[in-house]
Amino acid sequence: MDFAFGDEQEELRRTVRAFLADTSPETEVRRLMEAPEGFDRALWRRMGSELGLQGLAIPEEYGGAGCGLVEVGVVMEELGRALTCTPFLASAVLATTTLLRSDDEEARKRLLPGLAAGELVATLALSEDSARWDAEGVGLTARESAGSWLLSGHKTFVLDGATADLVLTVARTDDGMGIFWVDGHAAGLTREPLPTMDPTRRQARLEYDEVPATRLRTHGDGWQLVREVLDRAVVALAAEQVGVAGRALDMAVEYAKVRQQFGRPIGSFQAVKHLLADVLLEVESARAAAHYALLAAEGEDPELPAVASLAKAFCSDACLLATSENIQVHGGIGFTWEHPAHLYLKRAKTSQLLFGDPAYHRELLARRIGLDLDIVGGSA
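The shown structure was predicted, so the numbers you read here are calculated from the model rather than taken from an experiment.

**Points about the overall build of the protein**
Within the protein one finds 11 helices and nine strands. A globule of 380 residues ought to have a C-alpha radius of gyration of about 21 Å, and the protein, at 21 Å, matches this closely. Each principal axis of the C-alpha distribution contributes one length, and for the protein these read about 80 × 55 × 40 Å. Taken across its 380 residues, the protein has 54% of its residues classed as buried. Partitioning the contacts of the protein with sequence separation of at least 6, the portion at a separation of at least 24 is 73%. As displayed, the protein offers around 16200 Å² of accessible surface, 53% of which is attributable to carbon and sulfur atoms. Counting 38 positive and 57 negative side-chain charges, the protein places the averaged centre of each group 4 Å from the other.

**Here we look at the UniProt feature "domain: Acyl-CoA dehydrogenase/oxidase N-terminal" (unreviewed entry) in the protein**
Feature annotation in UniProt assigns "domain: Acyl-CoA dehydrogenase/oxidase N-terminal" (unreviewed entry) to the following positions: residues 7-119. Taken end to end, residues 7-119 is 68% helix and 0% strand, and its two terminal C-alpha atoms sit 30 Å from one another.

**Some details on the UniProt feature "domain: Acyl-CoA dehydrogenase/oxidase C-terminal" (unreviewed entry) in the protein**
The UniProt feature table records "domain: Acyl-CoA dehydrogenase/oxidase C-terminal" (unreviewed entry) at residues 220-369. Helix and strand shares over residues 220-369 are 78% and 3% respectively, and the end C-alpha atoms of the span are 24 Å apart.

**As for the domain arrangement of the protein**
Here the protein is partitioned into domain 1 (7-120), domain 2 (124-220) and domain 3 (223-369). Taken together, the 31 residues of domain 1 in the interface contact 18 residues of domain 2. Summed over both sides, the interface of domain 1 with domain 2 buries roughly 2100 Å², with 61% coming from carbon and sulfur. Here domain 1 and domain 2 share two salt bridges between them. Its salt-bridge partner being D104, residue R217 comes within 3.0 Å of it at the nearest N-O pair.

**A closer look at the environment of M33**
Mapping M33 onto the fold places it in helix α2 (residues 26-34). Note: C-alpha distance between M33 and Y255 (222 residues apart in sequence) is 25 Å.

**Details of the pairing of strand β5 (residues 176-183)**
Most of β5 is tucked away, with six of its eight residues classed as buried. In this structure, strand β4 (residues 166-173) lies alongside β5, joined through eight bridges in antiparallel fashion. Within the sheet, the bridge partner assigned to R172 lies in β5 and is M177. Sheet analysis places β5 next to strand β7 (residues 203-215), joined by two bridges and oriented antiparallel. When the sheet's bridge partners are listed, F180 is paired in β7 with R215.

**A closer look at the pairing of strand β2 (residues 141-145)**
Direction of pairing for β2 relative to strand β3 (residues 148-159): antiparallel, over a ladder of five bridges. Bridge pairing links S145 to S148 in β3. The turn linking β2 back onto β3 is made up of two residues, and A146 within it adopts a positive phi angle of 55°.

**Description of the packing of helix α4 (residues 69-82) against helix α7 (residues 222-258)**
α7 packs onto α4 with a crossing angle of 40° between their chain directions and a minimal axis gap of 7 Å. Once α4 is placed against α7, the crossing between them reads as right-handed. Facing α4, whose interface residues are L69, G73, M76, E77, G80 and R81, α7 presents R232, V235, A236, L237, A239, E240, V242, G243, V244, G246, R247 and D250. Within the contact of α4 with α7, the residues separate by chemical class into eight nonpolar, four polar and six charged.

**As for the pattern of salt bridges**
Across all of its chains, the model carries 32 salt bridges by this definition. The shortest N-O distance in the salt bridge between E78 and R13 comes to 3.1 Å. Of this pair, E78 sits in helix α4 while R13 sits in helix α1 (residues 7-23), and the two are 65 residues apart along the sequence. The pair formed by E78 and R13 is uniform in burial state, with each residue classed as buried.

**Description of helix α8 (residues 270-298)**
Its 29 residues give α8 an end-to-end C-alpha distance of 42 Å, which sits within 8% of 42 Å, the value for a rise of 1.5 Å per residue. Buried within α8 we find V272, L276, V279, V283, A286, A289, A290, H291, A293, L294, A296 and A297. Buried positions along α8 lie against α1, α4, α7 and α9 (304-330). Phi for E300, located one or two positions after α8, is positive at around 50°.

**Structural notes on the environment of L120**
Examined against the element boundaries, L120 turns out to sit in the loop between α6 (105-117) and β1 (122-125). On the basis of relative accessibility, which here comes to 26%, the residue L120 falls in the partly exposed class. The spatial distance from the C-alpha of L120 to the C-alpha of R41 is 9.5 Å, given a sequence separation of 79 residues. When sequence neighbours within four positions are dropped, the list of residues in contact with L120 reads W44, S91, L111, G114, L115 and D165.

Each value, and the rule that gives it
Residues numbered from 1 in each chain as written. Predicted model: local features only at pLDDT ≥ 70, side-chain atom pairs only at ≥ 80, totals over all residues. Heavy atoms only, no water. Helix = DSSP H or I, 4+ residues; strand = E, 2+ residues; numbered from the N terminus. Rg over C-alpha atoms; globule rule 2.2 N^0.38 Å. Buried < 20%, exposed > 50% of the residue type's maximum accessible area, 1.4 Å probe, protein only. Contact = heavy atoms within 4.5 Å. Areas by Shrake-Rupley, 256 points an atom, 1.4 Å probe, with all protein chains shown as cover. Lys, Arg positive; Asp, Glu negative; His and termini not counted. Charge placed at Lys NZ, Arg CZ, Asp CG, Glu CD. UniProt positions renumbered as here; feature names shortened; annotations may be inferred. Domains from an automatic or database assignment. Buried area = accessible area lost by both parts, 1.4 Å probe. Salt bridge = Lys/Arg side-chain N within 4 Å of Asp/Glu carboxyl O. Pairing = 2+ DSSP bridges. Axes fitted to C-alpha atoms, helices over the stretch in contact; angles between N-to-C directions. Left-handed = near helix turned anticlockwise from the far one by under 90°. Nonpolar A, V, L, I, M, F, W, Y, C, P; charged D, E, K, R; others polar. Expected span 1.5 Å × (residues − 1).

If you want it as structure tokens, here you go:
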């Protein structure tokens, strides 16, 4: 299989990279890190109206471009490379995918045009205090009362949860797992920003006190839809991790060419050469894994669940390696607040844990391909 993207995808990459070079330089990233919302609403609308990025995977009938996850992956890679402060993962991947893969045509018609145009920001609230990404980790409940639904409980580690206009919430009901959409300013909903290692990606804790909600129609139990969404979300995140890792490697190579010791560039020393070569191998392998996963997702490949976990585990490790070694190559300056190397390392570490760490996804991969976990040292 050819893992390379076509001319249209590469043109999209060049366009997005040029746009982010103008709108998301390091100075702007640092400004938004300190801003109340954590991102620029005006830029978010420009991304939707001028480039149509939020609507890439949304069909034309709902105001989108009718492309697929491959194009979304290209954008995610470039957003990671620029470390852009944006709710793209939460809104254009998690929430949009949930709506698209649901059976709720009314909700799609009502919500997707606003998401595609950048007029709305949405997110998916799943994880709770247990920090689990499986059905057993869901404790928030929904009960039906007088023809409407009321949610009670909490969610945490919700991406852009404090600023989202729409919160898709996973909850337990008497008839199984359900997904509900909630207005971000609904009565009874309390949203508290969380302190995070990575200031470029905001998270929040949400408290639900009999919050009114609308149930999203799904095919069968709602957890099947959640699994489908998570598989695609980890693939998109893997693409972003490739962008982060690639930029970290570029930074290290550029510095190794100009930093001199003993009258010669440090990049001429064998130890540094080997270090950078090892990182290059990992980054390019991660790129192949992410691209393959994107193609599998777009083609609705039945192997996607296994491929998604493989890509998430491998890209997480490669990204953390690249960003860590970038700091090592830079030496003392790489540890300073003024240098951007630490920002890439923080994004790498938090992304490694998001949606499950590599150990979780390796175990999940083993289960999905039918390995006996007792044989591989796991536990049932």
